[in-house]
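Structure at a glance
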Amino acid sequence: SPLASYADTFADTEDIAKNYDRYASYYDDLDGGAFASETLGLEKSRRDLLARASGDVLELGVGTGLNLPGYDLRPGGAVRSLTAVDISGGMLAQAKSRADTLGFR
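What counts and what doesn't
Residues numbered from 1 in each chain as written. Predicted model: local features only at pLDDT ≥ 70, side-chain atom pairs only at ≥ 80, totals over all residues. Heavy atoms only, no water. Helix = DSSP H or I, 4+ residues; strand = E, 2+ residues; numbered from the N terminus. Buried < 20%, exposed > 50% of the residue type's maximum accessible area, 1.4 Å probe, protein only. Contact = heavy atoms within 4.5 Å. Core = buried A, V, L, I, M, F, W, Y, C linked by side-chain atoms within 4.5 Å. Salt bridge = Lys/Arg side-chain N within 4 Å of Asp/Glu carboxyl O. pLDDT = per-residue confidence, 0-100. Phe/Tyr/Trp six-rings, centres within 6.5 Å; stacked < 30°, edge-to-face > 60°.

**Focus on the overall build of the protein chain**
Secondary structure summary: the protein chain contains five helices and two strands in total. Its helices and strands in sequence order give the protein chain the pattern α-α-α-α-β-β-α, from N to C terminus. Buried positions account for 25% of the 105 residues belonging to the protein chain. Partitioning the intrachain contacts of the protein chain with sequence separation of at least 6 by distance along the chain shows that 65% fall at a separation of at least 24.

**Here we look at the nonpolar core**
One finds Leu50, Ala53, Val57, Val62, Leu68, Tyr71, Val79, Ala95 and Ala99 forming the largest nonpolar core, which totals nine residues. Excluding its chain neighbours within four sequence positions, the residues that come into contact with Ala99 are Leu68 and Phe104.

**A few points about the pattern of salt bridges**
Should the charged atoms of two oppositely charged side chains come close, the side chains can pair. This model, assessed by the stated rule, comprises six salt bridges. Between Glu43 and Arg46 there is a salt bridge, with the nearest N and O atoms lying 3.5 Å from each other. Of this pair, Glu43 and Arg46 are both found in helix H4 (residues 42-50), three residues apart, which corresponds to roughly one turn of the helix. By relative accessible area, which is 14% here, Arg46 ends up buried. Note that Asp72 is salt-bridged to Arg74, the shortest N-O span being 2.7 Å. On the basis of relative accessibility, which here comes to 58%, the residue Arg74 falls in the exposed class.

**Points about the confidence of the model for the protein chain**
Here the protein chain averages 86 in pLDDT, while 85% of its residues score no lower than 70. Taking the mean pLDDT of every element in the protein chain, the minimum, 69, falls on helix H3 (residues 34-39) and the maximum, 98, on strand E1 (residues 55-60).

**Topic: the side chain of Thr64**
Mapped onto the elements of the fold, Thr64 is located in the loop between E1 and strand E2 (79-85). Not counting chain neighbours up to four residues away, the residues in contact with Thr64 comprise Ala24, Tyr27, Asp28, Met91, Gln94, Ala95 and Arg98.

**Regarding the environment of Leu73**
Secondary-structure assignment places Leu73 in the loop between E1 and E2. Exposure remark for Leu73: the relative accessible area of 28% places this residue in the partly exposed category. Along the backbone, Leu73 and Ser54 are 19 residues apart, and their C-alpha atoms lie at a distance of 9.3 Å. Contact partners of Leu73, with chain neighbours within four places excluded, come to Val79, Leu82 and Phe104.

**Here we look at the packing of aromatic side chains**
Each pair of aromatic rings is reported with the distance of its centres and the angle of its planes. Counted according to the given criterion, the structure contains four aromatic pairs. Summarising the aromatic geometry, the rings of Tyr20 and Tyr23 are spaced 5.5 Å apart at their centres and angled 25 degrees between planes, so their arrangement reads as stacked. With a gap of three residues between them, Tyr20 and Tyr23 both fall in helix H1 (residues 2-23), about one helical turn apart. Here Tyr23 falls in the partly exposed class, since its relative accessible area comes to 23%. Pairwise contacts between aromatic rings join Tyr20, Tyr23, Tyr26 and Tyr27 into one cluster.

Structure, rendered in structure tokens:
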């Protein structure tokens, strides 16, 4: 039934969030570490893509906020506003800390 399918999806979503919460504190070592950024070229790809962001931006799955430094949020910059969401409270806490360090409001 559709209701049972929804309940299964919701349970899966909760499990996913809990798993991300568990490793939020060291996620950057995996995704933002030397292997990912240098060997796989993720840092260059990230910079190139974020340089194209403009207007009102919605980042789905912000994670720990590794993309945040790449947004041009200066007064008069390309990005007018940034809304960032994630399924994991642990990941959002890391992103909030990064946003605070960057001086975002």
